[in-house]
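# Architecture at a glance
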Amino acid sequence: MLDVTNLTVSYGAISAVRNVSLTVKAGEVVTLIGANGAGKTSIVKALSGLVPKASGATKFRDTDISSLPAHEITRLGLVHVPEGRKLVPSMSVEENLICGAYCRTDKQGIADDLDAVMARFPRLRERRHQLAGTMSGGERQMLAIGRGLMAKPELLILDEPSLGLAPLLVEEVFNIIAGLKQEGKTILLIEQNALEALNSSDRAYVLRVGEVVMSGQSDKLAEDPELRRAYLGVN
Amino acid sequence: MSYWFTIAALTGINVLLAYSVYASFMSGQVSIGQAAFFGVGAYVGASLTVLGGFDLISAVLVAGFAGAAASLFVGVPTLRLKGYHFTIATVAFAEAVRVILHNLKYGRPRSSGNVGDQWLGPDGATGFRHIAYLNENGITTGQYALIVWVIVVIVVIGFFLVERSRIARILRTIEEDEVVARAIGIPVARYKVAAFVCGGFIAGMSGALYAHLLTFISGGDFIIHLSTIALAYVVIGGGQTMWGPLLGAILFTVLPETLRPIKDFRIELFGLLIILVMLFRPTGMISAAAVRRWSTPWAPKAQRKRPTEAF
């Protein structure tokens with residue numbers, strides 16, 4: 001579904017990502033793990049067109065998206081839920097969700113999906129008229145994921161959904177991801193929480209200072225002694 | 001009475017100017033260059049009736065398109081800039097336009113007129129005199145005020161409808177967070193330019209109406225002071241809903257006039273009012289929350305929890 005070959009992302013003279021190649025197949029949950037500054041967010045920002053790609057070829061569902069602007073990439077079904085639970089705080093929960101369906105014109109489909117999202121997150125239904133800015137961190141993350149789903153994504157990119165949440169809520173976020181996986185959704189997940197990310201994904205890429213240093217089946221990587229030492233904090 | 005009709009017409013013109021700022025304000029872009037589009041509109045509108053033989057309404061509409069064209073010219077390259085950089089670019093453009101208007105000379109000689117006053121059309125630093133359309137066509141100041149306010153009402157209705165549409169939600173998303181807007185799939189640049197060009201159109205119309213009311217304009221009328229006042233109407237009236245610019249422009253045109261008896265102190269009082277509003281109502285006099293409260297008076301007031309209830 002997504003084919004990235006030799007992607008390089010530069011900010012001025014500094015290259016944050018160098019020659020990264022990765023693939024995501026339909027129905028897979030793939031995770032990118034790595035420490036701060038490894039280039040995880042830069043990769044997905046480049047994929048969704050939020051920052052320009054310096055070089056490399058990116059194909060999404062057989063379309064070359066290497067130089068498409070962000071709004072056209074979203075239209076193709078690659079939907080990015082940015083880091084930091086970014087919402088429009090002065091709009092209600094419902095308005096935020098409807099905004100997520102910006103690219104769609106099927107009114108009935110949007111209404112159905114709004115119902116589906118609210119059924120998935122009952123908390124959002126309770127608070128549908130509340131302003132997004134007044135919600136807690138966990139609720140905001142649900143709303144951000146819900147808004148991503150409203151765009152009817154073919155590939156959903158979640159950037160650090162568990163960042164800054166209480167442990168109980170982190171667990172809930174990973175439950176949500178497990179639920180989406182069971183329904184056959186294709187997800188590219190960015191995480192610092194390597195253990196949880198490996199547990200809830202099929203395959204993983206490990207990044208270090210802008211390069212892929214390891215990749216493979218998530219369950220195999222979770223057993224890898226070197227990775228365990230470097231990222232999972234166990235000996 | 002004619003004096004108050006003049007004030008009424010001027011108020012309408014300022015309301016339009018306030019809405020021209022508000023249009024791009026909705027997408028989070030602060031322009032301090034509306035005087036440029038206002039000035040372009042004034043010169044184009046006046047030239048059309050004085051030199052081109054146009055009727056007033058067509059001249060005002062063409063002036064609107066001239067303002068829109070000018071804002072498109074500024075908007076396309078500069079709206080890629082973010083926040084303050086865009087604002088500074090609009091200031092710079094307005095200065096350039098002012099200098100150009102100040103040096104513009106075209107037109108034809110007047111058959112009558114005193115020595116030194118024999119030119120029809122803009123005459124450099126002397127300005128553009130004899131915009132006598134209202135006088136020549138027997139339009140009284142009262143009738144003119146009515147024409148201005150019909151246009152104001154149309155524009156207000158336009159904003160009322162936009163504010164209740166999908167477009168308003170899109171603009172608010174862009175205003176709050178461009179990254180979110182782009183991730184959702186909104187073509188951000190296109191909406192920002194469109195909002196700015198709408199503002200340019202309204203400013204252009206407003207400028208043409210101003211030229212015909214004053215009958216004499218010059219580059220010196222379109223200084224940065226005008227742009228800042230226009231922005232102040234929006235910020236002080238309230239930039240969250242369309243009611244703010246309306247209230248701000250009306251209040252700040254009428255108030256200084258009614259305060260004429262206290263002479264020099266009125267400007268100080270005016271400044272004090274601005275400071276007080278900014279201190280106690282940073283969202284402007286009319287906030288979005290206030291509009292929600294007034295539009296649903298039957299809704300129960302939000303109860304503040306007493307400390308004991310928390311346990």
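Keep in mind that this is a model prediction, so the values were computed, not measured.

### Observations concerning the overall build of chain A
Scanning chain A from terminus to terminus reveals 10 helices and 10 strands. C-alpha atoms of chain A, sized along the principal axes, occupy 45 × 40 × 30 Å. Counting over 235 residues, chain A shows a buried share of 45%. Taking as baseline every contact in chain A between residues at least 6 positions apart, the subset at least 24 positions apart corresponds to 65%.

### Re the interface of chain A and chain B
Between chain A and chain B, the residue contacts involve 19 residues of the former and 14 residues of the latter. Residue assignment for the side of chain A that touches chain B shows that the elements contributing at least two residues are helix 2 (70–75) and helix 3 (93–100) of chain A. Counting residues per element, the side of chain A that touches chain B draws most heavily on helix 2 of chain A, which supplies 4 residues.

### Considering the packing of helix 2 (residues 34–50) of chain B against helix 3 (residues 56–78) of chain B
Two quantities define a packed helix pair, namely the angle between the axes and the distance from one axis to the other. Residues and elements named next belong to chain B. The interhelical angle for the contact between helix 2 and helix 3, taken along N-to-C directions, is 145 degrees, at an axis separation of 8 Å. Here helix 2 and helix 3 pass one another in a crossing that is right-handed. Along the contact surface, helix 2 presents Ala36, Phe37, Val40, Gly41, Val44, Gly45, Leu48 and Thr49, while helix 3 presents Leu56, Ala59, Val60, Val62, Ala63, Gly64, Ala66, Gly67, Ala70 and Ser71. When its residues are assigned to classes, the contact of helix 2 with helix 3 shows 12 nonpolar, 6 polar and no charged.

### Let's talk about the sheet that holds strand 10 (residues 211–217) of chain A
Residues and elements named next belong to chain A. The strand order across the open sheet built from 6 strands is 6-7-8-3-9-10, with neighbouring strands paired in mixed fashion. The open sheet has two edge strands, strand 6 (78–81) and strand 10, and neither has a second partner. Across the sheet, the axes of successive neighbouring strands diverge by a mean angle of 15 degrees, strand direction being ignored. Here 5 bridges tie strand 3 (residues 29–34) to strand 8 (residues 186–191), and the two strands are oriented parallel to one another. Across the sheet, valine 30 pairs through a bridge with leucine 188, a residue of strand 8.

### Concerning the sheet that holds strand 5 (residues 63–64) of chain A
Residue and element names in this part refer to chain A. In spatial order, the strands read 2-1-4-5; together these 4 strands make up an open sheet with antiparallel pairing. Only two strands of the sheet have a single partner each, and these edge strands are strand 2 (14–24) and strand 5. Inspection of the sheet shows strand 4 (residues 55–60) paired to strand 5 by 2 bridges, in the antiparallel sense. Directly across from phenylalanine 60, in strand 5, lies its bridge partner threonine 63.

### Let's talk about the pairing of strand 4 of chain A
Every regular strand shows the same layout, with side chains that alternate between the two sheet faces. Residues and elements named next belong to chain A. Bridge count between strand 1 (residues 2–11) and strand 4: 5 bridges; the pairing is antiparallel. Along strand 4, the bridge assignment pairs aspartate 3 with lysine 59. Adjacent in sequence and paired antiparallel, strand 4 and strand 5 are bridged by 2 residues, among which arginine 61 carries a positive phi angle near 45 degrees.

### Re the environment of Pro245(B)
Residues and elements named next belong to chain B. By the element assignment, proline 245 lies in helix 11 (residues 243–258). Between the C-alpha atom of proline 245 and that of valine 235, which follows or precedes it by 10 residues, the distance is 7.8 Å. Setting aside residues no more than four positions away along its own chain, proline 245 makes contact with Ala18, Tyr19, Tyr22, Tyr233, Val234 and Gly237.

### Details of the confidence of the model for chain B
Residue and element names in this part refer to chain B. Summary statistics for chain B give a mean pLDDT of 87 and a share of 94% for residues scoring 70 or more. Note on residues 301–311: pLDDT is under 50 here. Beyond four places in sequence and across chains, it has 1 contact. Model confidence for the complex is summarised by a pTM of 0.84, with the ipTM given as 0.78.

### As for helix 6 (residues 137–150) of chain A
All names here are of chain A. A rise of 1.5 Å per residue sets the reference length of helix 6, with its 14 residues, at 20 Å; its end C-alpha atoms lie 20 Å apart and thus fit the reference within 8%. Of all the 14 residues making up helix 6, 12 are buried; the element is thus mostly covered by neighbouring parts of the structure. Within two residues after helix 6, lysine 152 carries a phi angle of roughly 55 degrees, on the positive side.

### Regarding the packing of helix 1 (residues 2–25) of chain B against helix 10 (residues 224–237) of chain B
Residues and elements named next belong to chain B. At a minimum axis separation of 8 Å, helix 1 and helix 10 run at an interaxial angle of 75 degrees. Compared by their axis directions, helix 1 and helix 10 come out roughly perpendicular. Taken together, the residues of helix 10 that come into contact with helix 1 (itself represented by Asn14, Leu17, Ala18, Val21, Tyr22 and Phe25) are Ala230, Leu231, Tyr233 and Val234. Residue composition of the contact of helix 1 with helix 10, by class: 9 nonpolar, 1 polar and no charged.

### Description of the pairing of strand 9 (residues 203–208) of chain A
All names here are of chain A. Of all 6 residues making up strand 9, 5 are buried, and the element is well covered by its neighbours. Inspection of the sheet shows strand 3 paired to strand 9 by 5 bridges, in the parallel sense. What sits directly across from leucine 32, in strand 9, is tyrosine 205. One ladder, built from 6 bridges, connects strand 9 with strand 10; its direction is antiparallel. Residue pairing across strands places arginine 203 opposite glutamine 217, the latter belonging to strand 10. Counting the residues between successive antiparallel strands, the hairpin from strand 9 to strand 10 contains 2 residues, one of them, valine 209, with a positive phi of roughly 30 degrees.

### Section: unusual backbone geometry
For residues that are not glycine, phi is negative in most cases, and the peptide bond is trans in most cases. For Val209(A), which is not a glycine, the phi torsion comes out positive at approximately 30 degrees. Of the residues examined, Val209(A) has 13 C-beta atoms within 10 Å and is grouped as partly exposed. With a phi angle near 60 degrees, His130(B) is a residue other than glycine that sits in the positive phi range. Here His130(B) is to be found in the loop between strand 3 (128–129) and helix 5 (133–136).

### Thoughts on helix 11 of chain B
The α-helix winds at 3.6 residues per turn, so residues separated by three or four positions along the chain end up facing the same way. Residues and elements named next belong to chain B. Counted at 1.5 Å a residue, the expected span for helix 11 with its 16 residues is 22 Å, and the 22 Å between its end C-alpha atoms agrees. Listed in full, the buried residues belonging to helix 11 are Trp243, Gly244, Pro245, Leu246, Gly248, Ala249, Phe252 and Thr253. Taken together, the buried residues of helix 11 touch helix 1, helix 6 (141–163), helix 10 and helix 13 (288–295).

Parameters and conventions
Residues numbered from 1 in each chain as written. Chains lettered and ligands numbered in written order. Predicted model: local features only at pLDDT ≥ 70, side-chain atom pairs only at ≥ 80, totals over all residues. Helix = DSSP H or I, 4+ residues; strand = E, 2+ residues; numbered from the N terminus. Buried ≥ 20, exposed ≤ 12 C-beta atoms within 10 Å, placed from the backbone. Contact = placed C-beta atoms within 7 Å. Axes fitted to C-alpha atoms, helices over the stretch in contact; angles between N-to-C directions. Left-handed = near helix turned anticlockwise from the far one by under 90°. Nonpolar A, V, L, I, M, F, W, Y, C, P; charged D, E, K, R; others polar. Pairing = 2+ DSSP bridges. pLDDT = per-residue confidence, 0-100. Expected span 1.5 Å × (residues − 1). Parallel < 35°, antiparallel > 145°, perpendicular 65-115°, else oblique.

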